[in-house]
Amino acid sequence: MSLSWSRTSRVIAGTATALAVLTACGGGGDATDSAAGKPGKPVTLTFWGWTKGSKDVVDAFNASHTDIKVKFEEIPSGNAGGYAKISNAVKAGNAPDLVSIEYPSLPEFVSSGALQEIGDVFPESARAGLLPQAVELTTLGGKNWAVPFDAAPQAFYYRKDLFARHKIEVPTTWDDFRKAAEQVRKADAKARIATFFPDDPTTFEAMAWQAGAQWFKAENDTWKIDTTDPATTKVTDYWQGLLDDGLVHKNASFSPEWTGSLKNGTTFGYLGASWGAGVLKGTLPEQSGKWAVAPMPTWDGKPASGMLGGSTFAVPKNSTKKAAAVEFATWMSTTEEGVKARIASGTSSAFPAATALRPAAKKAFDAGFYGGQDIYALFETAGASISSQWSWGPTTGTTNTAIKDRFGAVAPGGPTLADAVKAGHDATVAELTKRGLKVEG
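Residues numbered from 1 in each chain as written. Predicted model: local features only at pLDDT ≥ 70, side-chain atom pairs only at ≥ 80, totals over all residues. Heavy atoms only, no water.

Trainee: Whenever I open this one, the side chain of Thr138 confuses me. Can you help?
Mentor: Assignment of secondary structure puts Thr138 in the loop between helix H6 (132–137) and strand E4 (139–140). Sequence-distant contacts of Thr138, defined by excluding residues within four places in its chain, comprise Tyr103, Leu106, Lys143, Asn144, Trp145, Ala146, Pro148 and Thr312. (Helix = DSSP H or I, 4+ residues; strand = E, 2+ residues; numbered from the N terminus. Contact = heavy atoms within 4.5 Å.)

Laid out in structure tokens, this is it:
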């Protein structure tokens, strides 16, 4: 992914300034643990995560290492309760040694003092091989807080057999997407081209990001919040129109309703991210060969993408095993063995932040489900088109909870998507003000 490094640096630098007062309360930790532990006794780590292939990569690490042993516990995804579980464990003083945290949520964990800074034990040789912008997204207040694992450019997954059967062209623009949505409904009154996820604001935010929005902007010591810019308004109005006209389903993400509609062919497509390739493959093995991947539709037909998720590994402040935890995280993120172990499981299609490992990721992923399509080439192009304007604020949980609570109530003639986004804006401003930060917006 080739974002504008200089532009991203300016954004992150501003974010770092605004976060400086917050990161002062972050856990400092220390690196007194030895990766080798006591003679004959390995360091034992606990790791909480939910990303696909996590157990497989832990098993591979344990089989090839004697100085560190990892106990893995699968937890719900972050927005489905995983973040609450991590936060509660940190407050109770019984958090694990390593946790998965997505880029959008990292600033909030840092600002709450839940994590340890890891710059002293994260090798520069490993950091140098990572996408610079991914490193910057994990660098707040001038300190390094997590090991980046993957990037997550957007993509459109579609049933190529159903599109071909009904002579529907794969959309390249959002205007085309609406026309295709109308064709899908005409072909099958129960079918829709895709699904709006009321429980997942991050998908909506990725589309706003793609359109050029910039909700959170740090300048000097002030946070500027703007969710009513033209780009966001365009996206909000567009999706409101699709919902009002019944052109998309409205189901919770990865719910039985959503999965069922994919299985019975009443959902023709999925607007997701690079990691979604593994999700579909693992969810719908009986549909192997029927799916394909296309670039995300854009407003002008030119490549453009937001980032939907993307994960990092961070060390909670309670851990006394920071050095060993970062050594394990670095192995998962920056070695060919780690990436192969995760992707060869068949459930992960991770797009590594370690750019040199992308050929290994491509080789490890069995693309037979997509008819042998080179989906990693598509991810490379999408990654290169991600806008560098977007940055995340330190109250993502507050923002997304307010939006999610209202997305579910959106209905023709009732509450609108714009109402939900406005609620997210108001909640963000209120929370930042409560924390004693300067806010404009």
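Trainee: What is the right way to read the side chain of Ser305 from this model?
Mentor: With respect to the secondary-structure elements, Ser305 resides in the loop between strand E14 (291–294) and strand E15 (311–314). Within the structure, the side chain of Ser305 is placed 2.9 Å from the backbone nitrogen of Gln154, a separation counted as a polar contact. The residues touching Ser305, leaving out its near neighbours within four places in the chain, are Pro153, Gln154, Trp209, Gln210, Ala382, Ser385, Ile386 and Ser387. (Polar contact = N/O pair within 3.5 Å; in protein donor to acceptor, adjacent residues only side chain to side chain.)

Trainee: What exactly am I supposed to notice about the nonpolar core here?
Mentor: Formed by 115 residues in total, the largest nonpolar core has its most connected members in Tyr157, Phe177, Ile193, Trp239, Leu280, Tyr370 and Phe379. Sorting elements by how many residues they give to this core places helix H13 (residues 322–334) first, with eight residues. For Tyr370, the contacting residues outside a window of four places in its chain are Tyr157, Lys160, Gly276, Ala277, Leu280, Lys281, Trp291, Ala292, Val293, Phe365 and Ile375. Among the nonpolar cores identified, the runner-up in size contains 19 residues, and Ala95, Phe109, Ala114 and Ala146 belong to it. (Core = buried A, V, L, I, M, F, W, Y, C linked by side-chain atoms within 4.5 Å. Buried < 20%, exposed > 50% of the residue type's maximum accessible area, 1.4 Å probe, protein only.)

Trainee: Please clarify how the sheet that holds E15 should be interpreted in this entry.
Mentor: Hydrogen bonds between backbone atoms are what pair the strands of a sheet, whose relative direction is either parallel or antiparallel. Taken in spatial order, the five strands line up as E2-E1-E3-E15-E6 in an open sheet, and their pairing is mixed. Edge positions in the open sheet fall to strand E2 (68–74) and strand E6 (147–148), since each of these has one partner strand only. Helix H2 (residues 54–64) contacts strand E1 (43–49) and E2 of the sheet and is inclined by roughly 165 degrees relative to E2. Its contacts with the sheet place helix H3 (residues 82–92) against E1, E2 and strand E3 (98–102), and it is angled at close to 135 degrees to E3. (Pairing = 2+ DSSP bridges. Axes fitted to C-alpha atoms, helices over the stretch in contact; angles between N-to-C directions.)

Trainee: Mind showing me how you'd approach the pattern of salt bridges here?
Mentor: Side chains carrying opposite charge are able to pair once their charged atoms draw close together. This model, assessed by the stated rule, comprises 18 salt bridges. Lys55 is the partner of Asp59 in a salt bridge, and the nearest nitrogen-oxygen pair spans 2.9 Å. Placement of the pair is Asp59 and Lys55 together in helix H2, with a separation of four residues, close to one helical turn. Judged by relative accessible area, Asp59 falls into the partly exposed class, the value being 39%. Each of Lys217, Glu219, Lys224 and Glu440 takes part in a single network of salt bridges with overlapping partners. (Salt bridge = Lys/Arg side-chain N within 4 Å of Asp/Glu carboxyl O.)

Trainee: Would you explain the packing of helix H9 (residues 201–211) against helix H17 (residues 396–407) in this entry?
Mentor: Describing two packed helices takes the angle between their axes plus the distance from one axis to the other. Where H9 meets H17, the axes come as close as 9 Å, and the angle between the chain directions of the two elements is 105 degrees. On the basis of the axis angle, H9 is roughly perpendicular to H17. Taken together, the residues of H17 that come into contact with H9 (itself represented by Pro201, Thr202, Phe204 and Glu205) are Thr399, Asn400, Ile403, Lys404 and Phe407. Class assignment of the residues belonging to the contact of H9 with H17 gives a composition of four nonpolar, three polar and two charged. (Parallel < 35°, antiparallel > 145°, perpendicular 65-115°, else oblique. Nonpolar A, V, L, I, M, F, W, Y, C, P; charged D, E, K, R; others polar.)

Trainee: Would you take a moment to explain the packing of H9 against helix H10 (residues 230–244) for this structure?
Mentor: Put simply, H9 and H10 touch, their axes get as near as 8 Å, and they point 130 degrees apart. Judged by the inter-axis angle, H9 sits oblique to H10. At the point where H9 passes H10, the crossing takes the right-handed sense. From H9, Phe204, Met207, Ala208 and Ala211 reach across to H10, where they touch Ala231, Thr232, Val235, Thr236 and Trp239. The residue makeup of the contact of H9 with H10, split by class, is seven nonpolar, two polar and no charged. (Left-handed = near helix turned anticlockwise from the far one by under 90°.)

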